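Here are the chains, one letter per residue:
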Amino acid sequence: MTANRATTEAGQKDAMAAPKENASGAAKPQNAGDQASAPKAQAGPAQAAPAKQNAGPQPTQPKAQPQAAPKPQKAPAQKADPAKKGGSVIPLPVKGAPSPQKAVKFFSMAGLRPQQKRRRVLWASFLLCVLIPAILGSVYFAFIASDRYVSKAGFSVRSIDGPAMSGDFLGAITGVASQGSTTTDSYMILEYLKSREMVERLNKDMNLKEKFADDNVDFFYRIDPALPIESFVSYWDWMISASFDTSSSIINFEVEAFTPEDAQQAGELVLQYASQLVNELSDQARRDTVRFAEQEVSRAELRLRMIRKRMKEFRETENAIDPSLNAEVQIQLIARLQERLSDTRARLATLEGTIDESSPTIRQLRREEAAIEKQIAEKQSEIGGRTGAAKPRNEADGRLSPLSSLLADYEELKLESEFAQQAYVTALASLEQSRAEADRRQRYLAVFERPSYPEEAIYPRRVTNSILLFLGLLIVWAIGTLIVYSVRDHLR
């Protein structure tokens, strides 16, 4: 009994050792179970026969049982296992070869602690958000991006009466352009360089859209020939850059193209269009300045002509060139009549004491005195109204005498004529002053750097752009990571 129990225990130990060897050789668990049952079946009879032989002749010797137990431990089943497997191959581990199970376990989250999971997610996000885009961007800048040539130019908008440095320092501080400065014109030029009119004129003169749609241009900068004009204007904003220095009133611009010839041609055309715009603005400002003065001269001239026409009609109607001269003649005539009246009265005073009143001489002098007084009264009534007992012929209707009325109308026309003539002269002087002012404020484009032929492509800056792309992605990824960790910490 003791021998049988020992053999049974030895068989169980051999059966347990066989699955371990099969597991180290990358065998399946089901095969290991089958192989473990086979040694048990074979080891039972083999161990039972020696046990009976040893137990039969010497049943009373207790020391024979410990000697019989080690014999079955030589594991005859181990020698029989390779033969029973029928030539199965056990793969041996090779140093340096990656194991597929290990590669799968690296991406698998099963059986990992939360901290290990977070680290793997962090590395995966760095790989997807930073490393792979940076590598793709570096490949694009290094091997795919087309060379872009740059043509530079510089100019300044100047005024004839302005100083050499016509910068608007007050406008640079306050933000409001002073009167007569060229700052406003300079900002208009900056906006015009990127305007739709500039793009349309360039496309008309040099087929700009076909230049940028060429097959030699990389896919990122190549445009569609049927691109709408609004999108093309936005694209042109990428290809031109302009700056304005308020202290020196200098404008610099750069035009990019994919060939040196196109860059130089585009720069020359842009400079030409800018010069034409400045000349148009100057002519328009000159016309606006002179237009008001010319309108004032036209109005003054029209008024003077109307007054002169009325003067002419007055003279033709009244048959009097100058009624004031007629009045002077009447006054002189009245003065002579008064002299004659004085002489007549003096003679009467002399003869009154010597001769009778009924004498013919006295009566003649009396009639002469009355006639002279009547003439004086009539002349005075013609000039300015009645004098003494005499009345003018038109006093009954309450109107002035004809000569006074003519004289009043003439004086009014004469005053209006003098005023209109003076206004006309003043308007002419203002017109000449406005023209001189417009000439002094005339604008022109002073070019100090014309577009040149580029010999080397400045853009793209391949190394710099690659480094900046990597740093930008790294910063964005770091900020996003900090935000995620901060939110996770607050939610705990």
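Above this text you will find the structure in question.
Not measured: the values here are computed from a predicted model.

Thresholds applied
- Residues numbered from 1 in each chain as written.
- Predicted model: local features only at pLDDT ≥ 70, side-chain atom pairs only at ≥ 80, totals over all residues.
- Heavy atoms only, no water.
- Helix = DSSP H or I, 4+ residues; strand = E, 2+ residues; numbered from the N terminus.
- Buried < 20%, exposed > 50% of the residue type's maximum accessible area, 1.4 Å probe, protein only.
- Areas by Shrake-Rupley, 256 points an atom, 1.4 Å probe, with all protein chains shown as cover.
- Arc of directions from axis to C-beta.
- Contact = heavy atoms within 4.5 Å.
- Core = buried A, V, L, I, M, F, W, Y, C linked by side-chain atoms within 4.5 Å.
- Pairing = 2+ DSSP bridges.
- Axes fitted to C-alpha atoms, helices over the stretch in contact; angles between N-to-C directions.
- Parallel < 35°, antiparallel > 145°, perpendicular 65-115°, else oblique.
- Left-handed = near helix turned anticlockwise from the far one by under 90°.
- Nonpolar A, V, L, I, M, F, W, Y, C, P; charged D, E, K, R; others polar.
- Lys, Arg positive; Asp, Glu negative; His and termini not counted.
- Salt bridge = Lys/Arg side-chain N within 4 Å of Asp/Glu carboxyl O.
- Polar contact = N/O pair within 3.5 Å; in protein donor to acceptor, adjacent residues only side chain to side chain.
- Patch = residues over 30% accessible without salt bridge, like charges linked within 9 Å, V, L, I, M, F, W, Y side chains within 5 Å.
- Charge placed at Lys NZ, Arg CZ, Asp CG, Glu CD.

**Student:** Can you break down the overall build of the protein chain residue by residue, with the values?
**Tutor:** Looking only at helices and strands, the protein chain has 16 helices and four strands in total. Considering the protein chain as a whole, with its 492 residues, one finds that 30% of them fall into the buried category. About 32600 Å² of surface is accessible on the protein chain, with carbon and sulfur atoms providing 56% of the total.

**Student:** Can you lay out helix α9 (residues 196–206) for me, pointing to particular residues and giving the numbers?
**Tutor:** Along α9, the residues classified as buried are Met198, Val199, Leu202 and Met206. In an axial view of α9, the angular spread of the buried residues amounts to 95°, which keeps them on one side of the axis. In the core, the buried residues of α9 are packed alongside α8 (183–193), α10 (208–212), α11 (229–239) and α12 (260–318). Asn207 lies just past α9 and shows a positive phi near 50°.

**Student:** Can you tell me about the nonpolar core, naming the residues and giving the values?
**Tutor:** Side chains that are nonpolar tend, in soluble globular proteins, to be buried together. Ile189, Leu202, Phe212 and Trp236 are the most contacted members of the largest nonpolar core, which has 41 residues in total. Element by element, the count of residues in this core is highest for α12, at nine residues. Ignoring anything within four residues of it in the chain, the contact list for Ile189 reads Phe155, Val157, Ile251, Ala274, Leu277 and Val278. Ala293, Ala300, Ala427 and Leu431 belong to the second largest nonpolar core, which has seven residues in total.

**Student:** So what's going on with the sheet that holds strand β1 (residues 149–159)? Residues and values would help.
**Tutor:** If you walk across this open sheet you meet the four strands as β2-β3-β1-β4, and the pairing is antiparallel. Unpaired on one side and paired on the other, β2 (240–245) and β4 (443–449) mark the two borders of the sheet. Strand after strand, the sheet turns through a mean of 25° between neighbouring axes, direction not considered. Relative to strand β3 (residues 250–257), β2 runs antiparallel, the two sharing six bridges. Bridging across to β3, Ile240 finds its partner in Val255. Lying on the sheet, α11 is in contact with β2 and β3; it crosses β3 at an angle near 110°.

**Student:** Kindly report on the packing of α9 against α12, identifying the contributing residues and their values.
**Tutor:** The geometry of a pair of packed helices is captured by two quantities: the angle between their axes and the separation between those axes. One can describe the packing of α9 onto α12 by two numbers: an axis separation of 11 Å at closest approach and a directional angle of 130°. As judged from the angle between their axes, α9 and α12 are oblique. Where α9 crosses over α12, the handedness of that crossing is right-handed. Two secondary-structure elements touch here, α9 through Met198, Arg201, Leu202, Asp205 and Met206 and α12 through Asp262, Gln265, Ala266, Leu269, Val270, Tyr273 and Gln276. Looking at the contact of α9 with α12 residue by residue, the classes come out as seven nonpolar, two polar and three charged.

**Student:** Outline the side chain of Asp218, listing residues and values.
**Tutor:** Residue position: Asp218 is located in the loop between α10 and α11. The side chain of Asp218 sits in the buried core without any salt bridge; Arg148 is the nearest counter-charge, 6.0 Å away. Engagement of the side chain of Asp218 in a polar contact is seen with the backbone nitrogen of Phe220, the distance being 3.0 Å. Leave out the neighbours within four places in its chain, and Asp218 touches Tyr140, Ile144, Ala145 and Ser146.

**Student:** How would you explain the pattern of salt bridges if you had to name every residue and give the values?
**Tutor:** Under the defined criterion, the tally for this structure stands at 21 salt bridges. Put simply, Asp185 and Arg443 hold a salt bridge, and the shortest N to O gap is 2.9 Å. Within this pair, whereas Asp185 is found in helix α8, its partner Arg443 is found in strand β4, the two being separated by 258 residues in sequence. Summarising the burial analysis for this pair, Asp185 and Arg443 share the class buried. Through salt bridges with shared partners, a single network forms among Arg345, Arg366, Glu369 and Glu373.

**Student:** So what's going on with the side chain of Ser146? Which residues, and what values?
**Tutor:** Summarising the element assignment, Ser146 is placed in the loop between α6 (114–144) and β1. Note on Ser146: relative accessible area 12%, which makes it buried. A polar atom in the side chain of Ser146 sits 2.7 Å from the backbone nitrogen of Asp218. Contacts of Ser146, omitting those with residues within four sequence positions, involve Asn216, Val217, Asp218, Phe258, Tyr459 and Pro460.

**Student:** Got a sec to walk through a nonpolar patch on the surface? Specific residues and values, please.
**Tutor:** A surface patch of nonpolar side chains, about 1200 Å² in accessible area, is lined by Leu127, Leu128, Leu131, Ile132, Ile135, Leu136, Val139, Phe143, Ile144, Phe219, Phe220 and Trp238. Here Leu127 lies in helix α6. Its relative accessible area of 39% is what places Leu127 among the partly exposed residues.

**Student:** Pulling in residues and values, what's your account of a positive patch on the surface?
**Tutor:** A surface patch of like charges, here positive, comprises Arg113, Arg118, Arg119 and Arg492. Counting through the fold element by element, Arg113 comes out in the loop between α5 (100–107) and α6. For Arg113, a relative accessible area of 56% corresponds to the exposed category.

**Student:** If you had to explain the packing of α6 against helix α16 (residues 462–491) to someone new, which residues and values would you point to?
**Tutor:** Closest axis-to-axis distance for the α6/α16 pair is 9 Å, and the angle between their directions is 160°. As the angle between them shows, α6 and α16 are arranged roughly antiparallel. Read as a crossing pair, α6 and α16 show a hand that is right-handed. Counted together, Arg118, Leu122, Ser125, Phe126, Cys129, Val130, Pro133, Ala134, Gly137, Ser138, Phe141 and Ala142 of α6 and Arg462, Asn465, Ser466, Leu469, Phe470, Leu473, Leu474, Trp477, Thr481, Tyr485 and Arg488 of α16 form the full contact between these two elements.

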